[in-house]
Amino acid sequence: MELDRSVEIAREAIAGGADWIEIGTPLIKSEGMDAIRTMRKAFPDRTILADMKTVDTGAMEVEMAAKAGADVVIVLGSADDSTLLDALRSAHKYGVRLMADLISAPDPVKRAIELEALGVDYVNVHIGIDQQMTGKDPVSLLKEISERVDVQLAVAGGLDANSAVQAVKAGARIVIVGGNITRSDNVTEAARKIRQSVDSPEAVEIRNVGTVDQEIRAILKEVSTSNISDAMHRKGAMKGIHPLVRGKVVGTAVTVQSFPGDWAKTVEAIDIAKKGDVIVIYNGSKDIACWGGLATLSSLNKGIAGVVIEGAVRDIDEIETLGLPIYTSNTVPNAGDPKGFGEINAEITCGGQTVKPGDYIVGDESGVVVIPAERAYELARRAKEVNKTEKRLFDEIRRGGTLSEILELKKWEKR
Ligand SMILES: O=C(CO)[C@H](O)[C@H](O)COP(=O)(O)O
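Residues numbered from 1 in each chain as written. Predicted model: local features only at pLDDT ≥ 70, side-chain atom pairs only at ≥ 80, totals over all residues. Heavy atoms only, no water.

1. Quick word on the pairing of strand β9 (residues 249-257)
So, step 1. For β9, the buried fraction is high: 8 of the 9 residues fall into the buried class.
So, step 2. Pairing of β9 with strand β17 (residues 360-364) involves 4 bridges; the strand directions are antiparallel. Bridge pairing links threonine 252 to tyrosine 360 in β17.
So, step 3. Note: β9 against strand β10 (residues 277-282), 6 bridges, orientation parallel. The residue of β10 that forms the bridge with threonine 252 is aspartate 277.
So, step 4. Chirality of the crossover, the property in question, places the unit of β9, helix α14 (residues 264-272) and β10 among those that are right-handed. (Buried < 20%, exposed > 50% of the residue type's maximum accessible area, 1.4 Å probe, protein only. Helix = DSSP H or I, 4+ residues; strand = E, 2+ residues; numbered from the N terminus. Pairing = 2+ DSSP bridges. Right-handed = clockwise from strand over helix to strand, strands pointing away.)

Right, here's the structure in full:
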């Protein structure tokens, strides 16, 4: 099933204008040389690039890929020179080309110069998927390398129509795109956008993503709390906290540690919170309200993004009319008193999750997740990848596969 799906994706990408077909490392690890044989059979006239990421026994792995039908074989640029030279001998013997991948190379510029001297056919300036999640991109590195070598340069790593143009302008002759095509819910259209952009670079307006915080918020607005929890290896979700009002909230936490029913600190937090913040409250009792309609209106006036409370809320009718996203453990008619015990902007526990001031809070109809500020960019990017995969799965199901067939659950059950 996985190979059939891969052939279908390749066919759709070609329909959108893709020239070569790259067989990625995960597919090769999952299906072996059959992945290459199947693609060669399906596309006899297309250039097939086998991303073997060979690190040892260069001659043998190039021979395997070449005999299976690859035209270009990728070896790791950081492999020992002896591996690369033997891979080259094998490539020449079997009439295939060799691409050296700079992924994770400690000094990629220096290594690109060495690889050119060794005689590889292409050097791939590649930022790996995990590295992309930390904000690294291949275009800046590509600019530096293209000024130092004449060998044909490929580029890979999270490329889309926008960055593909920049890569071509920076000297790339081959633009390798994976997830932004293969995980698209319309592969042909995704490929077509990239083809059009690289064919007419002047037509593409270079996107400005703003500050890191703005980029994080923009990504978090596109994904669900389910995607985020998956990206966090099923972690981050608050327990026993549910939405009062339909809608989505994305913001950074202002925390309140308070005591059962005491609503002084919860309300004073409105004065401290800024536009786009989420007030996160631990109040310790689900039977006495520490929040209501007046506090909600006051929060709306300040542009506060939402409120999350491990405790109780009242004035639900007013809150539903006001529309501010509020998540709570319980709703009751009775409130406590503003005694003033507690603390604002200390680290708290809410819904069983640790929440520090400045952590990102995302809430939707499924509930609330907490993203530690120090990993927010990486986890937002990973959640985006989860979201893309899910869109692709929806598309597969619409085409008639069952979920277990598409995921090949039987094949991958833990032994
Ligand atoms: O190395 C790869 C898989 O083995 C990918 O081909 C490469 O990373 C490009 O994929 P993406 O555009 O998703 O980064």
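2. A short note on the packing of helix α1 (residues 2-15) against helix α3 (residues 34-42)
So, step 1. As a packed pair, α1 and α3 sit with axes 10 Å apart at the nearest point and diverge in direction by 45°. Comparing the axis directions of α1 and α3 gives the class oblique. Helix-helix and strand crossings are classified by hand; for α1 and α3 the assignment is right-handed. Facing Leu3, Ser6, Val7 and Ala10 of α1, the residues of α3 in contact are Asp34, Ala35, Thr38, Met39 and Ala42.
So, step 2. Residues belonging to the contact of α1 with α3 are distributed by class as follows: 6 nonpolar, 2 polar and 1 charged. (Axes fitted to C-alpha atoms, helices over the stretch in contact; angles between N-to-C directions. Parallel < 35°, antiparallel > 145°, perpendicular 65-115°, else oblique. Left-handed = near helix turned anticlockwise from the far one by under 90°. Contact = heavy atoms within 4.5 Å. Nonpolar A, V, L, I, M, F, W, Y, C, P; charged D, E, K, R; others polar.)

3. Comments concerning the site of the ligand
So, step 1. In the vicinity of the ligand there are 15 residues, among which Glu22, Thr25, Gly158, Gly178 and Gly179 approach most closely.
So, step 2. In the model, an oxygen atom of the ligand is placed 2.4 Å from a nitrogen or oxygen of the glutamate 22 side chain.
So, step 3. Threonine 25 is positioned such that a nitrogen or oxygen atom in its backbone is 2.8 Å from an oxygen atom of the ligand.
So, step 4. Compared with its free state, where it exposes 370 Å², the ligand has 90% of that area covered by protein.
So, step 5. For the shell around the ligand, the secondary-structure elements that each account for two or more residues are α2 (25-31), β2 (48-54) and α7 (129-132). (Near = heavy atom within 4 Å. Polar contact = N/O pair within 3.5 Å; in protein donor to acceptor, adjacent residues only side chain to side chain. Areas by Shrake-Rupley, 256 points an atom, 1.4 Å probe, with all protein chains shown as cover.)

4. Here's the deal with the pairing of strand β5 (residues 122-126)
So, step 1. With 5 of its 5 residues buried, β5 lies for the most part within the structure.
So, step 2. Here β5 shows no split at all, with Tyr122, Asn124 and His126 on one side and Val123 and Val125 on the other all buried.
So, step 3. Sheet analysis places strand β4 (residues 97-101) next to β5, joined by 3 bridges and oriented parallel. Considered in β5, the bridge of aspartate 101 is made with asparagine 124.
So, step 4. Direction of pairing for β5 relative to strand β6 (residues 152-156): parallel, over a ladder of 5 bridges. The partner of histidine 126 across the bridge, within β6, is alanine 156.

5. Comments concerning the environment of valine 198
So, step 1. On the secondary structure map, valine 198 appears in helix α11 (residues 187-199).
So, step 2. The sequence separation of valine 198 and valine 175 amounts to 23 residues, and the corresponding C-alpha distance is 8.9 Å.
So, step 3. Discounting residues that sit within four places of it in the chain, valine 198 has contacts with Ala164, Val165 and Val168.

6. Quick notes on the domain arrangement of the protein
So, step 1. When cut into domains, the protein gives domain 1 (2-203) and domain 2 (216-377).
So, step 2. Between domain 1 and domain 2, the C-alpha centre-to-centre distance is 45 Å. (Domains from an automatic or database assignment.)

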